[in-house]
Amino acid sequence: MASSSTPTAKPGYMLSRGFTANTRIALQHYLWKDGLNYLLHPSIPTTSKDLKIAEIGVGTGIWLIELARTLPPTVQLDGLDISFGQCPPKEWLPQNIAWVTHDAFSEPPEELLEKYDVIHVQLFITLIRDGNPVPMLKNLIKMLKPGGYISWGEWDVATWEVIRIPSAPSQTNEELNELREYTSTLGKTRPGPSFISSGWITRLHQTFAENGLSNVIVDRHKFSTEIATLLLDTWMVASQEISANILDGLGGGQGDVARALVEEVGKNRGNTAFNLERVITIGQKPLK
Ligand SMILES: C[S@@+](CC[C@H](N)C(=O)[O-])C[C@H]1O[C@@H](n2cnc3c(N)ncnc32)[C@H](O)[C@@H]1O
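Just so it is clear, the model here is predicted, and its values are computed rather than measured.

K.L.:
Could you clarify how one ought to interpret the site of the ligand in this entry?
P.N.:
Taken together, 17 residues lie around the ligand, and Arg17, Gly57, Asp81, Asp103 and Ala104 are the ones closest in. Between the ligand and Arg17, the relevant distance is 2.8 Å, taken from an oxygen atom to a side-chain nitrogen or oxygen of the residue. Gly57 places a main-chain nitrogen or oxygen 2.8 Å from a nitrogen atom of the ligand. Here the residues of the shell around the ligand sort into 9 nonpolar, 4 polar and 4 charged.

As structure tokens, this is what we get:
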């Protein structure tokens, strides 16, 4: 059995797939769009009626559902994921949305090679392990048509800042930072901040260029402070999910420590939160 002294086992999917998790990722989607006002970055051309667009890791499917409303029904919208259990029934979706079972960390099969004009990825921060997005990026580039675009959005945790109203008790920022460190190092069993790390996100534009993508654009936006409390809520729910799914299994009481920290942070929900930048990195696969 794994314990805090044997932290070598690779954890699987760290988040949950129940209704609380569905609510969390749906809210994350709406908060992500707040003040951004686009689903796909406006530099990505979407006028062709024959576009093939893929989203990698669909969550509830809400991004593709919304995108379908903005594009002609002739556009093909594929969601690539290892599970579609968080999505609505197929019968209730537009006909041009399809689910394709595919692990983004695996070599793409023949039928997915050079298939897509646009590939969209968002919030893979808990899935990119050891700070290295390159293996997955290489797989995605193989699925892009020459001239196609990849758009990858993440929270840039390097820009994290605790925000507090003046009357907040003085310890609240420490509790929030401690919870962040505790979950991102899996109860301090992984060297922080390299496990759920942020360095790769800050450098993603360089990684795009190093892997042959051109016309690289970076778009960064902080959240509005008006919605920072809701962002905190989503993050506390995610911390509870990681506590139950991963930290409890480590066997050293780490799940309880994290839940106690979530409770402390929750007590100050009315006066303390955090903010950070959403960073959207866009690149184009060169024409042959
Ligand atoms: C990483 S989040 C992204 C959710 C969505 N993009 C969003 O912004 O809310 C969760 C999704 O990634 C999917 N996922 C997890 N591991 C994956 C993998 N190896 N390949 C493809 N998708 C994966 C999960 O099944 C889940 O649907």
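K.L.:
It is not clear to me how the nonpolar core should be interpreted in this structure. Could you clarify?
P.N.:
Here is a general trend for soluble globular proteins: nonpolar side chains tend to be buried in one another's company. One finds Ile53, Ile56, Leu77, Ile119, Met136, Leu140 and Trp152 to be the most contacted residues of the largest nonpolar core, which totals 80 residues. Looking at this core, the element that brings in the most residues is helix 7 (residues 228-247), giving 9 residues. Not counting residues within four places of it along the chain, the set of residues in contact with Met136 comprises Ile56, Ala104, Phe105, Val121, Phe124, Ile128 and Trp152.

K.L.:
Mind showing me how you'd approach helix 2 (residues 62-70) here?
P.N.:
What sets the pattern is the α-helix's 3.6 residues per turn: residues three or four places apart point alike. Within helix 2, 7 of the 9 residues are buried, which leaves it mostly tucked inside the rest of the structure. Of all the residues in helix 2, the buried ones are Ile62, Trp63, Leu64, Ile65, Glu66, Leu67 and Ala68. On its buried face, helix 2 sits against helix 1 (19-33), strand 1 (52-56), strand 2 (76-81), strand 3 (97-101) and strand 4 (116-122).

K.L.:
Honestly, the pattern of salt bridges in this entry has me stumped. Any pointers?
P.N.:
Side chains that differ in charge, positive against negative, can pair when their charged atoms come close. All told, the structure shown has 13 salt bridges when counted by the stated rule. With a shortest N-O distance of 3.1 Å, Lys115 and Asp78 are connected by a salt bridge. On the criterion of sequence distance, the pair formed by Lys115 in the loop between strand 3 and strand 4 and Asp78 in strand 2 is long-range, its members being 37 residues apart. Exposure remark for Asp78: the relative accessible area of 1% places this residue in the buried category. Residue Glu277 pairs with Arg220 through a salt bridge whose shortest N-O separation is 2.5 Å. Here Glu277, found in strand 7 (residues 272-284), pairs with Arg220, found in strand 6 (residues 214-222); they are 57 residues apart in sequence, far enough to count as distant.

K.L.:
Looking at this structure, how should I read the sheet that holds strand 2?
P.N.:
Sheets are built from strands that pair by backbone hydrogen bonding, the pairs being arranged parallel or antiparallel. Sheet architecture is open: 7 strands sit in the order 3-2-1-4-5-7-6, paired in mixed fashion. Of all strands in the sheet, those bounded by a partner on one side alone are strand 3 and strand 6. Going across the sheet, the axis of each strand differs from the next one's by a mean of 20 degrees, ignoring polarity. Strands strand 1, strand 2, strand 4 and strand 5 (144-164) of the sheet are contacted by helix 3 (residues 134-143), whose axis makes an angle of about 145 degrees with strand 5. Sheet contacts for helix 4 (residues 172-184): strand 5 and strand 7; angle to strand 5, the most-contacted strand, approximately 145 degrees.

Procedures and definitions
Here the residue numbers are simple positions, counted from 1 along each chain's written sequence. At least 70 in pLDDT is required for a residue's local features to be given in this predicted model, at least 80 for side-chain atom pairs to be given and counted, and no such filter applies to totals for whole chains, interfaces and linings, which use all residues. Only hydrogens and water are removed before side-chain values are computed, so all heavy atoms of the structure are retained for them. We define proximity as follows: a residue is near a molecule or strand when any one of its heavy atoms falls within 4 Å of that partner. Any N or O atom pair separated by 3.5 Å or less is treated as a polar contact, with the protein-specific requirement of one donor-capable and one acceptor-capable atom, and with residues adjacent in sequence counted only for side-chain atom pairs. Any residue outside Ala, Val, Leu, Ile, Met, Phe, Trp, Tyr, Cys, Pro, Asp, Glu, Lys and Arg is labelled polar, Gly included; the first ten of those are nonpolar and the last four are charged. Side-chain atoms within 4.5 Å are what join buried Ala, Val, Leu, Ile, Met, Phe, Trp, Tyr and Cys residues into a set we call a nonpolar core. Summary of the burial criterion: residues with accessible area below 20% of their type's maximum are buried, those above 50% are exposed, and those between are partly exposed, where the area comes from a 1.4 Å probe applied to protein chains only. Strands are runs of DSSP state E lasting at least 2 residues, helices are runs of H or I lasting at least 4, and numbering of each runs from the N terminus. In this analysis, two residues are considered to be in contact whenever any of their non-hydrogen atoms come within 4.5 Å of each other. When a carboxyl oxygen of Asp or Glu lies within 4 Å of a side-chain nitrogen of Lys or Arg, that pair is called a salt bridge. Any two strands with at least two DSSP bridges between them are considered paired. Fitting a line to C-alpha atoms yields each axis, with helices limited to the stretch in contact; the angle taken between N-to-C directions then spans 0 to 180 degrees.

Function cannot be read off these values alone, since they describe shape.
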